[in-house]
Amino acid sequence: MQKNALHILLADDDEDDRLFFKDAFEEVKIQTKVQFAHDGIELMAHLMHPETILPDILFLDLNMPKKTGKECLIEIKKTEHLKHLIVAIYSTSSSEEDIEDTFIQGANIYIKKPSSFDALKKIINEVVTLNWHYHTSGLNRDTFLLRLK
Amino acid sequence: MKLIPNFNSPLALRIIFAISIFILLFITSVSYKHNRDLQNSSKLMMHTYEINIQLERLLSFVKDAETGQRGYIITKNSRFLAPYLFSRDKVNRSFIKLKKLMNDNPKQQQNLKNLFDLIIQRYTYLEGSLKYSNEKTYDKRKLDNCMFGGRIVMENIRFQIDEMNDVEKDILQKRQKIYQSEISLTPIFSIILFLVALSFILLSYRQISNDLNRLKVFNKKLLISTKLMAESEIIGAFSTWQWDMDSDKIVYSDNQYRLLGYPPNSFVPKKETFLEYVHPEDKQAFSSLMQGIIENKQLPLIYYKVIRKNGEIRYFKTIGKLLIDEQGSKIMLGITFDITEEHFQNIAIYERNKELEKSNKELASFNHVASHDLQEPLRKIQTFISRISDDDMNSLSESGKGYILKIGTSAKRMRILIDDLLLFSRTNTTKKEFLKTNITDLLEKAKLELSEIIQEKNAIILADKLPKLHVIPYQIEQLFINLISNSLKYSQPNIAPKINIFCEKITAKEFPDLLEQSIKKYYKITFTDNGMGFDPQFKETIFVLFQRLHTKTDEYPGTGIGLAICKKIVENHKGHIIADSTPNKGSVFTIFLPE
């Protein structure tokens, strides 16, 4: 395990999506360590565990059994040692309502799950190379939803 | 309509009557006084005459005595002496009478006394002459003296009597004069007063007959409005009642009895007995309400059920208001509505609403299914296809490659369909926030969104200046996108598409069949293109969901949702959209948006 590897955590109940995600990261030429949580409960248990090293970016699916992504997001933003965690919403839904809600609750970026592997790689590349300092300091409704050029 | 006229006359009438009665009483008392005066005057006259007669009589008695004595002296026959002897008695009686008559007059009494003295003197002379004429005591000188003296006294007596008569006559004349003056003045006064009273009475008679006429008119009006009220109570299934809070007397309108299932006026309403009609479920609430009326003099709106005479259950609504009249008595006025039909209709509406809510919820969950659950497997299909075409395409057979391509195209089409369907349903379900927006800006945004295809097709879009309107901005933008992309999609081959957008302000009256007339002014925005157009017989169906005029899916890809969305958006803005076309010349889409 390399020290300077980017630490990524994906919370998604869908096995295929986790597979796509893993494959995409392997193909992206960046040193990363990708971990997975299978649902909201597992995610929160992992984050709350005292020995856990917090990820650099958390990719959060919204539609999960047991505990939804939105509930997790609210909990994270309420917890003192987690509230500065960078949260990227990663969802099939592109409904205005979901985008609006997660923006208000403090997510950093909203990613609509793409429908091709190529697009997924592009998105991942974009997100991991994003200047997070710039992106977190002034949250902007217009740049919240990630659009690929 | 002013139902209660201003009947001021009663007060005026009362005053007039009081004055008239006063005048009549006055006239009566004056006439009574006159009568009494007349009576007094005749009495006085009688009195004077009586005195006169008595005095004359007195004189004649004295004369009788004188004549009798004279006869005796001449004849010496004692028979002549009889009048003389009786005359003294008669004179005395006369005196007593006169004294009585003159009791009220001291001056006359004095005169009477003088007269009495004179008469006594006369009798003394008479006695003297009788004595000196007697043969035994004859004395010529003394007899002469007596006779002569008697004559002088007699004259004095006559004089005295005349004087007394004069005094009486004087009194009579004076009194007569006073009465005369009184009587001569008062008749004119009385007549004047009588005329005044008469005119007053006539005046009040006129007033009364006027009032009577007005009363008749108002009575008629009142009768009409009472009838109207009774009829409208029957038609409107409501009733009115009055409850005098002081005497606890309750009056129902006819329809109140009917609402309770009884013929009008078939029983005497009492506050205690109304509870009998109230449904057992509502008795508790109703009796506490009755208590509230008595304590607080208030009757807020109350809903309750009653059981009619025939056992039918009816739903009532009652409201009351306290009225305090001029005399300070408190009357609770109430209206009761029979809302049974309404109640059941409401229940039906409520149930239908619930059903609607349920189906709306189902629709919403369908939305969720479409937006998420349906997209997820599709997205995965597409991702897997993309992985196959990226990595494993070369190891496939030619036909396999073809199938993969076809799967990809179908999946893409399905995605477009889902997206469009979502867009359509969101047009109705998402928040509708109206903002004052510059429509030109929205058109620019729409053009920007379509810039790629506009450039590709070399399209020219010319637009008038568009107004600022209260709209849902993203929907209007969507509307423009759909209309423009529709024109671009169905452009004529080899001709650069040209879209002209015109805008003008119109009034609703100009399009009475299309526009909602309660909104006065609209903006009419027209999109004219030079595309291939469509058969005008489809100008209505073109807006129906999934209605497509072209079957060749490859040539003109479309879902049949775009124009349905346009219609929905315009309807969301209380506007209207119409389409018309000349095939192979172009189409015209016209939208009307309220100002």
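Chain B appears in an unreviewed UniProt entry as histidine kinase from Flavobacterium frigoritolerans. As stated in UniProt under Catalytic activity (unreviewed entry), the record for chain B gives "ATP + protein L-histidine = ADP + protein N-phospho-L-histidine."

Per an unreviewed UniProt entry, chain A is named Response regulator, and its organism is Flavobacterium frigoritolerans.

## Focus: the overall build of chain A
On a plain count of helices and strands, chain A comes out with seven helices and five strands. Scanning chain A from its N terminus toward the C terminus, one meets helices and strands in the order β-α-β-α-β-α-β-α-β-α-α-α. Within chain A, the fraction of its 149 residues that count as buried is 34%. Counting contacts in chain A only where the partners sit at least 6 residues apart, residues at least 24 apart contribute 70% of the total.

## Brief notes about the overall build of chain B
When helices and strands are tallied, chain B shows 13 helices and 12 strands. In chain B, which comprises 595 residues, the proportion classed as buried is 20%. Summarising the internal contacts of chain B: among those between residues at least 6 apart in sequence, 66% fall at separations of at least 24.

## Quick word on the nonpolar core
Ile476(B), Leu479(B), Phe480(B), Leu483(B), Ile484(B), Cys566(B) and Ile591(B) are the most contacted members of the largest nonpolar core, which has 37 residues in total. Going through the elements one at a time, α10 (439-449), β8 (468-471), α12 (473-489), β9 (498-507), β10 (521-529), α13 (562-572), β11 (576-582) and β12 (586-594) of chain B are the ones with two or more residues in this core. Apart from the residues lying within four places of it in its own chain, the contact partners of Ile484(B) are Ala446(B), Leu450(B), Ile461(B) and Ile499(B). Counting residues in hydrophobic clusters, the runner-up holds 34 residues, among them Leu73(A), Ile76(A), Val87(A) and Ile89(A).

## A look at the sheet that holds β11(B)
Residue and element names in this part refer to chain B. Sheet architecture is open: five strands sit in the order β7-β9-β10-β12-β11, paired in mixed fashion. Two strands in the sheet have a free side with no partner beyond their single neighbour: β7 (460-463) and β11. Taken over all neighbouring pairs, the strand axes of this sheet differ in orientation by 15° on average, direction set aside. Here β11 runs beside β12; their pairing, made up of seven bridges, is antiparallel. Its bridge partner lying in β12, Thr582 is registered against Gly586. Where α12 meets the sheet, it contacts β7, β9, β10 and β12, and its direction lies at approximately 25° from that of β10.

## Some words on the sheet that holds strand β4 (residues 86-91) of chain A
Residue and element names in this part refer to chain A. What the five strands build is an open sheet, ordered β2-β1-β3-β4-β5; its pairing is parallel. The sheet is open, and its two borders are formed by β2 (32-37) and β5 (109-112), each paired with just one other strand. The average undirected angle you get between the axes of adjacent strands in this sheet is 20°. By the bridge criterion, four bridges tie strand β3 (residues 57-60) to β4 in an arrangement that is parallel. Bridge pairing in β4 places Leu58 opposite Val87. Its contacts with the sheet place helix α1 (residues 15-27) against β1 (6-11) and β2, and it is angled at close to 175° to β2.

## Looking at the interface of chain B and chain A
Residue-level contacts link 13 residues of chain B with 12 residues of chain A. The dominant element in the side of chain B that touches chain A, judged by the number of residues it contributes, is helix α8 (residues 375-392) of chain B, at nine residues. Considering only residue class, the side of chain B that touches chain A consists of no nonpolar, seven polar and six charged.

## Structural notes on α8(B)
All names here are of chain B. Its 18 residues place the ends of α8 25 Å apart at the C-alpha level, agreeing with the 26 Å of an ideal helix rising 1.5 Å per residue. Along α8, the residues classified as buried are Gln375, Arg379, Gln382 and Thr383. The arc enclosing the buried residues of α8, seen along the axis, measures out at 100°, which places them on a common side. What points out from α8, more than 90 degrees from its buried face, is the exposed set Pro377, Asp391 and Asp392.

## Structural notes on the pairing of strand β3 (residues 299-307) of chain B
Along any regular strand the residues' side chains alternate between the sheet's two faces. Residues and elements named next belong to chain B. Taken together, the seven bridges between β3 and strand β4 (residues 313-324) define a ladder with antiparallel strand orientation. When the sheet's bridge partners are listed, Val306 is paired in β4 with Arg314. Connecting the antiparallel pair β3 and β4 is a turn made up of five residues, with Gly311 showing a positive phi of about 90°.

## Quick look at the UniProt feature "modified residue: 4-aspartylphosphate" (unreviewed entry) in chain A
Residues and elements named next belong to chain A. UniProt records the feature "modified residue: 4-aspartylphosphate" (unreviewed entry) at Asp61, using the numbering of this structure. Tracing the sequence through the fold places Asp61 in the loop between β3 and α3 (69-78). For Asp61, a count of 25 C-beta atoms within 10 Å corresponds to the buried category. Those residues within four positions of Asp61 in sequence are excluded, and the remaining contacts are Ala11, Asp12, Asp13, Gly69, Tyr90 and Ser91.

## A look at the packing of helix α2 (residues 40-48) of chain A against α3(A)
Residues and elements named next belong to chain A. Remark: α2 packs on α3, axes separated minimally by 9 Å, with the N-to-C direction vectors making an angle of 20°. Taken together, the axis directions place α2 and α3 in an arrangement best described as roughly parallel. Taken as a pair, α2 and α3 cross one another with a handedness that is right-handed. Packed against α2, whose contacting residues are Gly40, Leu43 and Met44, the element α3 presents Gly69, Glu71, Cys72 and Glu75 at the interface.

## What to know about the environment of Pro583(B)
Residues and elements named next belong to chain B. Structurally, Pro583 is set in the loop between β11 and β12. It is 5.9 Å that separates the C-alpha atoms of Pro583 and Met532, two residues lying 51 residues apart in sequence. Beyond its immediate chain neighbours, meaning those up to four positions away, Pro583 contacts Gly533, Phe534 and Asp535.

## What about the confidence of the model for chain B?
Looking at chain B as a whole, its pLDDT mean stands at 85, while 95% of the residues score no less than 70. With pTM at 0.52, the complex prediction returns an ipTM value of 0.82.

## Let's talk about unusual backbone geometry
Residue and element names in this part refer to chain B. One non-glycine residue, Asn494, adopts positive backbone phi at about 70°. Position of Asn494 among the secondary structure elements: in the loop between α12 and β9. Given 5 C-beta atoms within 10 Å, Asn494 falls into the exposed group. Not every positive phi belongs to a glycine, and Lys574 is a case in point at roughly 60°. With 14 C-beta atoms counted inside 10 Å, the residue Lys574 sits in the partly exposed group.

## Here's the deal with the confidence of the model for chain A
With 87% of its residues at a pLDDT of at least 70, chain A reaches an overall mean of 84. Within chain A, β3(A) carries the highest mean pLDDT (92), whereas helix α6 (residues 132-137) of chain A carries the lowest (59).

## Some remarks on helix α3 (residues 106-133) of chain B
Each turn of an α-helix holds 3.6 residues, which means side chains three or four residues apart point in the same direction. The end-to-end C-alpha distance of α3(B), which contains 28 residues, comes to 40 Å, matching closely the 40 Å that a straight helix rising 1.5 Å per residue would cover. Within α3(B), burial applies to Gln108(B), Leu112(B), Leu115(B), Leu118(B), Ile119(B), Arg122(B), Tyr125(B), Leu126(B), Ser129(B) and Ser133(B).

## Digging into the environment of Lys539(B)
Residue and element names in this part refer to chain B. As for its position among the elements, Lys539 is in the loop between β10 and α13. For the pair Lys539 and Asp580, spaced 41 residues apart in the sequence, the C-alpha separation amounts to 5.9 Å. If near-sequence neighbours (up to four positions away) are discounted, Lys539 is found in contact with Ala579, Asp580 and Ser581.

Reading the values: the criteria
Residues numbered from 1 in each chain as written. Chains lettered and ligands numbered in written order. Predicted model: local features only at pLDDT ≥ 70, side-chain atom pairs only at ≥ 80, totals over all residues. UniProt positions renumbered as here; feature names shortened; annotations may be inferred. Helix = DSSP H or I, 4+ residues; strand = E, 2+ residues; numbered from the N terminus. Buried ≥ 20, exposed ≤ 12 C-beta atoms within 10 Å, placed from the backbone. Contact = placed C-beta atoms within 7 Å. Core = buried A, V, L, I, M, F, W, Y, C linked by C-beta atoms within 7 Å. Pairing = 2+ DSSP bridges. Axes fitted to C-alpha atoms, helices over the stretch in contact; angles between N-to-C directions. Nonpolar A, V, L, I, M, F, W, Y, C, P; charged D, E, K, R; others polar. Expected span 1.5 Å × (residues − 1). Arc of directions from axis to C-beta. Parallel < 35°, antiparallel > 145°, perpendicular 65-115°, else oblique. Left-handed = near helix turned anticlockwise from the far one by under 90°. pLDDT = per-residue confidence, 0-100.

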